[in-house]
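Given next are the chains, with one letter for each unit.
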Amino acid sequence: MNQMRRILSARRLSPSIKPPPCFLHRRPFSTSETDASSELLSSPHQNIQTHEDGASDKSRSTKTTSLKEHELAKFSAIADTWWHSEGPFKPLHLMNPTRLAFIRSTLCRHFSKDPSSARPFEGLRLIDVGCGGGLLSEPLARMGATVTGIDAVDKNVKIARLHADMDPMTSKIEYHCTTAERLVDEGRTFDAVLALEVIEHVANPAEFCKSLSALTIPNGATILSTINRSMRAYASAIVAAEYILQWLPKGTHQWSSFLTPEELTMILRGASVDVKEMAGFVYNPITGRWLLSDDISVNFIAYGTKRE
Amino acid sequence: MNRVLARQLKTNVCGSKHIFQRAWSTHVTRKVSSTAGSNESNANSTGDSPQHDIAIVGGGMVGIALAASLASKPLTKHLNVAIIDNNPLLGRKNIIEKGHLPDPRVSTVTPATISFLKDIGAWKYIEEQRHAYFDKMQVWDYTGLGYTRYNAKDVDQDILGCVVENKVLQSSQLSCVQESDLQKTIYPARLNSMDMLPSSSLTGLGEVPSTADLFMRGRLAKLELSDGNNVYAKLVVGADGSKSRVRELAGIKTTGWNYSQNAIICTVEHTVENFTAWQRFLPNGPIALLPVGDKFSNIVWTMDPTEASDRRSMSEDDFIKAVNDALDYGYGPHPEITSSGGSSLSWLTGDVNISAKERFETPPKVVKLSSERMMFPLSLRHAKDYVSNRVALVGDSAHTVHPLAGQGVNLGFADASALSRAIAEGIALGTDIGEANLLKRYEAERKPANIAMMAVLDGIQKMYAVNFGPLNAFRAAAFHGAHYISPLKKRIISYASGEQSLPLFS
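Rules and cut-offs
Residues numbered from 1 in each chain as written. Chains lettered and ligands numbered in written order. Predicted model: local features only at pLDDT ≥ 70, side-chain atom pairs only at ≥ 80, totals over all residues. Heavy atoms only, no water. UniProt positions renumbered as here; feature names shortened; annotations may be inferred. Helix = DSSP H or I, 4+ residues; strand = E, 2+ residues; numbered from the N terminus. Patch = residues over 30% accessible without salt bridge, like charges linked within 9 Å, V, L, I, M, F, W, Y side chains within 5 Å. Areas by Shrake-Rupley, 256 points an atom, 1.4 Å probe, with all protein chains shown as cover. Salt bridge = Lys/Arg side-chain N within 4 Å of Asp/Glu carboxyl O. Buried < 20%, exposed > 50% of the residue type's maximum accessible area, 1.4 Å probe, protein only. 1 Å grid on protein atoms, 1.4 Å probe; cavity = no way out; pocket = protein on both sides within 12 Å on 5 of 7 lines; lining within 4 Å. Points joined across faces, edges and corners; volume = space filled by probe spheres on them. Nonpolar A, V, L, I, M, F, W, Y, C, P; charged D, E, K, R; others polar. Core = buried A, V, L, I, M, F, W, Y, C linked by side-chain atoms within 4.5 Å. Contact = heavy atoms within 4.5 Å.

If you check an unreviewed UniProt entry, chain B appears there as Ubiquinone biosynthesis monooxygenase COQ6, mitochondrial from Brassica carinata. Listed in UniProt under the heading Subcellular location (unreviewed entry), the comment for chain B reads: "Mitochondrion inner membrane".

By the naming in an unreviewed UniProt entry, chain A is Ubiquinone biosynthesis O-methyltransferase, mitochondrial, taken from Brassica carinata. Its UniProt record gives chain A a comment under Cofactor (unreviewed entry), which states: "Mg(2+)". The UniProt entry for chain A carries the following comment under Subcellular location (unreviewed entry): "Mitochondrion inner membrane".

So, in structure tokens, the structure goes:
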């Protein structure tokens, strides 16, 4: 709701500024759950949206020098909270190592890389679709991969860029404010495509999967994670996470847009990706940690390979 | 750059060629990485302050154990480690001449620690030096109401532990580090001050931020050393002992109290070899006699501070008499050797309890004092947090315990092992190693185990501090119970051996 008001007010105040085209493809709210929580922060920062240049210029997001100084200062303030491990994005920070463990083990096996090496993904081109602030892209870069991160929300891409520049090991990540479809049109391909916690926010999952598949080279790997459409997921991911524990802002997820593992497998098969492995994430409230398990009734992650 | 070179040359004056070659190779890699402009974390632009992944403050047994453990793991052996310790002996090889008298500073390493040392490849060096395995232990007190004997065969093991000099432990692990691929730099200086800023964003920086920039943005910690150098690192590890400077600078509070006891340690000689560890609880504190090999034993005698200074300054002959007295008939009678006591409790004994059938023995007589008598005050101290922003504490800086069960340094080795495992997991998942979540995992693993052990040791210390009828009887019952009840004895041995990290629930 806030979002729509903002877009309308943008049109009213500065008619020359068009809302970024990336908004037109997607539903009003963003393509990653973390974006939704960043919308909470965006209400005091509404001015940023109205003053921002509408064009989702690729070069703009990768170079910090072309950004205006006062905007940089505002982005810096937000960026700190995004990456603050005890801040509003704490649940995602907690889940990150578990997701990375699954990704590391499946991709090492897929590309026959040595799992005991500190940089097993050296030479691999990965894309993180819906990268948010870069929580996933940075560890992947530290593991040696050549990472491209895309997100439909320009603010997130800016945040990701600022944070990645802080460490020489992650400063080579490419961030763009764009969509998977646009990249397909440009003919980009990657060894492995990752879209974690994205597909539940997408208008047309089947088309989205086709784009992901088109971005993957033949015999490449595709990894998606999402939330299962089950009663348990309704209780945990929506009622518990949004209303009781308030980990996420209300309305982040729509239960009806969750996919069951079977549906996801079918959609991916239709997009020439065969799902090879699936695992679930389970939260242990006592230790406060997420664990990989066979339980795919709430959060689950799937790894598939693209047919030739 | 030149200063670093000079420092390396200084530490190598007494060292062997081997270390000198290592130092050069360390240098070479740094130069190559900076000219290649690679993405490696140790890319060190010339003229910039040295930047390391981990700075270990304190090059004692536990600090070097951490370095050796990192060096032995494939995921972490490429890291760049700085060791800050102003001990001039650090880095010199062969500081122990063969055939010399055993140093009084020894430690008992438990089987769990022995397997850790084997994993890092240090045990083979320890076996080349003097070391003493023991497979039997006897514990009794001055009341003569009971005793307990432990035998390694109770738990189907060959040994209960091994006694090794601290110097040997330190130098063996250092040899492992020297021979490994780990990039290490030894800074012979003290830590003056330490600084780390909260994380914040970079704005308007060039392609490769300098070390100072990264520090200003909270990505590195800055350490100022006493010789004027500044060292930058992603993670600072405080392995600098119970009066830890790192802990003080990080603002980590401690709880604890001083035991009003001092310990005297010295090396003594017997006429026969000793294969048993002996401990007798006296009214003012326990006296322990530990074999160190070749007919030598180590004495750790805990007592009042006034008694301690008396015993330290008395003549050698008087001291030897006092020691023999304390181990024998002084303060109280021997426990009665009751073979009938065994049969009344035999329904509890079970089949496998070899040591229950062993009789009480008197320890071997001390004939000569072979070293100076060293004295240390004893205290209990525990850090409220083991980790803080870009800081982790291991060993005595996190926890100081009473020596009555020989556990202190074993807890430290377990800390070093757990921290290096946490760092390896972090590297595997591409995390920044100074990140709080990673360090908290190490804390969550070690803190409960350390606190449990401290509680047990403190409880034992307090139980023996009072001479009170019913309490004496309770202690006697405890002796008998531990001696005759097999499951209890097995559990005690297993906990003291480090196989179990928590006394109750594992």
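**A look at the environment of B:His483**
Checked against the element boundaries, B:His483 lands in helix 15 (residues 469–484). Taking C-alpha positions, B:His483 is 37 Å from B:Tyr386, a pair spaced 97 residues apart along the chain.

**Observations concerning a nonpolar patch on the surface**
Residue and element names in this part refer to chain A. Together, Met-231, Tyr-234, Val-239, Tyr-243, Ile-244 and Leu-245 give the surface a local cluster of nonpolar side chains, amounting to about 620 Å² of exposed area. For Ile-244, the position within the fold is in helix 12 (residues 231–244). On the basis of relative accessibility, which here comes to 62%, the residue Ile-244 falls in the exposed class.

**So, the layout of surface pockets**
Estimated volume of the second largest pocket: approximately 1200 Å³. What lines the second largest pocket is a set of 48 residues, and nearest its centre among them are A:Ser85, B:Glu435, B:Ala436, B:Asn437 and B:Leu438. Residue assignment for the lining of the second largest pocket shows that the elements contributing at least two residues are helix 6 (69–82), helix 7 (90–110), helix 8 (137–142) and strand 7 (289–293) of chain A together with strand 18 (387–388), helix 13 (408–428) and helix 14 (436–464) of chain B. For the lining of the second largest pocket, a count of residues per class yields 17 nonpolar, 18 polar and 13 charged.

**Structural notes on the nonpolar core**
By size, the foremost hydrophobic cluster in this structure holds 77 residues, and its most contacted members are B:Ile54, B:Leu117, B:Val236, B:Leu419 and B:Ile423. Residue contributions to this core peak at 10 residues, all from helix 13 of chain B. Discounting chain neighbours no more than four positions away, the residues touching B:Leu117 are B:Ala122, B:Trp123, B:Ile126, B:Leu169, B:Gln173 and B:Phe413. In terms of nonpolar packing, the next biggest core, distinct from the first, is built from 35 residues, A:Leu94, A:Leu124, A:Ala221 and A:Ile223 among them.

**Remarks on the UniProt feature "binding site: S-adenosyl-L-methionine" (unreviewed entry) in chain A**
Residue and element names in this part refer to chain A. As annotated in UniProt, the feature "binding site: S-adenosyl-L-methionine" (unreviewed entry) corresponds to Arg-99, Gly-130, Asp-151 and Leu-196 in the numbering used here. Residue position: Arg-99 is located in helix 7. Its relative accessible area of 5% is what places Arg-99 among the buried residues. Discounting chain neighbours no more than four positions away, the residues touching Arg-99 are Leu-92, Leu-136, Leu-196, Glu-197 and Phe-281.

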